[in-house]
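Examining the three-dimensional arrangement
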Amino acid sequence: GSPFQEHRFQIQRLMRAFKASLTPSGQILLWEYLSGWKELIKFMDSLGAAFGLVSRETQSKIGIMEQHQSGEHGHHYRTVQSMVAFELARGLVGFQSLPEDQPPSGCRTLLRLHRALKWLELFLHKLSTSRKDGAPSQMCAEAYREALAPYHRWWVRQAVALAFLALPSRQELYRLLCPEGEHQGQALLLGALGSISQVYNITQEVFASHQMLDLP
Ligand code: 1PW
C-alpha cells in the first residue's frame, strides 16, 4: 500500500486497538486503549474543521495520559487497574479538587475519555441500526445528550452542538467509515461496537468500585 495509508482512518484499526487493550484476565492496557482513541481522532479530523475543538480536546487528554506513561512512575500506567491502584495508594487521584501545581491525575483524565467512549458507543449503535433516511447529526446529538452533555458546561454544549450540524449524510459517513461499502461497513461497526462496549464496561466497574465516577 501507499506509505501514507497509516495516516488515514481505518475502522479496522480502531477495532483492533480496543480489542487488543483487553487482556484475558480482564485488565485494560492503556497504550492500546489510547491508540484506539488516536485512530478515532483521525476520523474526527476527516470530518473537517467543525470537529476541531472535539479533536483537540481529546488529543490533550491523550497527551496527559502519555505524560504519565513516560514519567517517573510510568510503569504503573500500563493498565487501567494498575493506574488506579497506584494513584489511590499515593493519594494522587484528586477526589476533591485539582491541586494547581500537579498535572491532572490519570484517573480523572481517563474518566473524561471513558465518558466520551460511551458517547461513541451510543452513536455507533444508533448509526448501525439506523434506516437509510436517518440523520447522523441527530443520532450524534441524541448520543451526546444521553452520555456526555450532563458533564459539560454550557458553552461546551453549544460548541459541540455546532459540530454535529457539520456531520455529513448517513451515506457519506458510511463511505468515510468503510469505503468498501455499507454492508461491510455495518459488520465492521458491529465488531468495533463489541470491543468498545467490553472495554467500557470493565472500566466502568473499576471506576465504580472505587467511587471514582465523578472526579472533579
Ligand atoms: C464522531 C463521534 C466522535 C465522538 C468522540 C467523542 C469525543 C468527546 C470529546 C468532547 C469534547 C468537548 C469539548 C471539551 C470538553 C471538556 O470540558 C471535557 N472533556 C471531555 C473529553 O469530555 C471535560 O474535561 P475537563 O474540562 O473536565 O478537563
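First, a word on scope: everything that follows refers to the structure included in this document. (Residues numbered from 1 in each chain as written. Predicted model: local features only at pLDDT ≥ 70, side-chain atom pairs only at ≥ 80, totals over all residues. Heavy atoms only, no water.)

With that settled, the discussion passes to the site of the ligand. For the ligand, the set of nearby residues contains 14 residues, the closest of which are Glu57, Lys61, Arg108, His152 and Arg153. In this structure, lysine 61 approaches the ligand through a side-chain N or O atom, which is 2.8 Å from an oxygen atom. Residue arginine 112 places a side-chain N or O atom 3.1 Å away from an oxygen atom belonging to the ligand. Notes on the ligand: free accessible area 690 Å², of which the protein chains cover 90%. For the shell around the ligand, the elements supplying multiple residues, two or more each, are α3 (52–70), α5 (106–128) and α7 (154–165). A class-by-class count of the residues in the shell around the ligand yields seven nonpolar, two polar and five charged. (Near = heavy atom within 4 Å. Polar contact = N/O pair within 3.5 Å; in protein donor to acceptor, adjacent residues only side chain to side chain. Areas by Shrake-Rupley, 256 points an atom, 1.4 Å probe, with all protein chains shown as cover. Helix = DSSP H or I, 4+ residues; strand = E, 2+ residues; numbered from the N terminus. Nonpolar A, V, L, I, M, F, W, Y, C, P; charged D, E, K, R; others polar.)

Within the secondary structure, threonine 109 sits in helix α5. When its relative accessible area of 0% is taken as the criterion, threonine 109 is described as buried. If sequence neighbours within four positions are ignored, threonine 109 has contacts with Lys61, Ile64, Met65 and Pro104. (Buried < 20%, exposed > 50% of the residue type's maximum accessible area, 1.4 Å probe, protein only. Contact = heavy atoms within 4.5 Å.)

A few words on the packing of aromatic side chains. Using the criterion set out here, one finds six aromatic pairs in the structure. Centroid distance tyrosine 77 to phenylalanine 86: 5.8 Å. Interplanar angle 75°. Geometry classified as edge-to-face. The pair formed by tyrosine 77 and phenylalanine 86 is uniform in burial state, with each residue classed as buried. Here the aromatic residues Trp119, Tyr144 and Phe164 are joined through ring pairs into a cluster of three or more. A cation over a ring is seen here: arginine 115 above tyrosine 151, with NZ or CZ 3.8 Å from the ring centre. Taking NZ or CZ as reference, lysine 118 lies 4.6 Å from the ring centre of tyrosine 200, over its face. (Phe/Tyr/Trp six-rings, centres within 6.5 Å; stacked < 30°, edge-to-face > 60°. Lys NZ or Arg CZ within 6 Å of the ring centre and 35° of its normal.)

Let us now look at the packing of helix α1 (residues 11–20) against helix α9 (residues 182–209). The geometry of α1 relative to α9 is characterised by a closest axis approach of 9 Å and an angle of 25° between their N-to-C directions. One element, α1, and the other, α9, form an angle in the roughly parallel class. α9 is crossed by α1, and the crossing has left-handed handedness. Every residue of α9 that contacts α1 at Ile11, Gln12, Leu14, Met15, Phe18 and Lys19 is listed here: Leu188, Leu189, Gly191, Ala192, Ser195, Ile196 and Val199. (Axes fitted to C-alpha atoms, helices over the stretch in contact; angles between N-to-C directions. Parallel < 35°, antiparallel > 145°, perpendicular 65-115°, else oblique. Left-handed = near helix turned anticlockwise from the far one by under 90°.)

Counted as a void, the largest pocket has a volume near 850 Å³. Lining the largest pocket are 35 residues; nearest its centre among them are Glu57, Thr58, Ala116, Leu148 and His152. By residue number, the principal contributor to the lining of the largest pocket is α5, which donates ten residues. Grouping the amino acids of the lining of the largest pocket by side-chain chemistry returns 27 nonpolar, two polar and six charged. Around the second largest pocket, the lining comprises 13 residues; the ones closest to its centre are Arg8, Phe9, Gln10, Leu176 and Pro179. Of all the secondary structure elements, the ones that give two or more residues to the lining of the second largest pocket are α1, α2 (30–46) and α8 (170–177). Examining the composition of the lining of the second largest pocket, we find that three residues originate from one element, α8, more than from any other. Of the residues that constitute the lining of the second largest pocket, the class distribution is five nonpolar, four polar and four charged. (1 Å grid on protein atoms, 1.4 Å probe; cavity = no way out; pocket = protein on both sides within 12 Å on 5 of 7 lines; lining within 4 Å. Points joined across faces, edges and corners; volume = space filled by probe spheres on them.)

Time to look at the packing of α5 against α8. For the pair α5 and α8, the least separation of the axes is 12 Å and the interaxial angle reads 115°. Considering the angle they form, α5 stands roughly perpendicular to α8. Note on packing geometry: the crossing formed by α5 with α8 is left-handed. Contact residues: Phe123, Leu127 and Ser128 in α5; Arg170, Leu173, Tyr174 and Leu177 in α8. Here the residues of the contact of α5 with α8 are counted per class, giving five nonpolar, one polar and one charged.

Turning next to the pattern of salt bridges. Across all of its chains, the model carries eleven salt bridges by this definition. In this structure, arginine 131 and aspartate 133 form a salt bridge, with 2.9 Å as the shortest nitrogen-oxygen distance. Take aspartate 133: its relative accessible area is 58%, and that puts it in the exposed class. Three or more residues joined by partner-sharing salt bridges are found here, namely Arg13, Glu39 and Lys42. (Salt bridge = Lys/Arg side-chain N within 4 Å of Asp/Glu carboxyl O.)

All quantities given are derived from atomic positions and should not be read as evidence of function.
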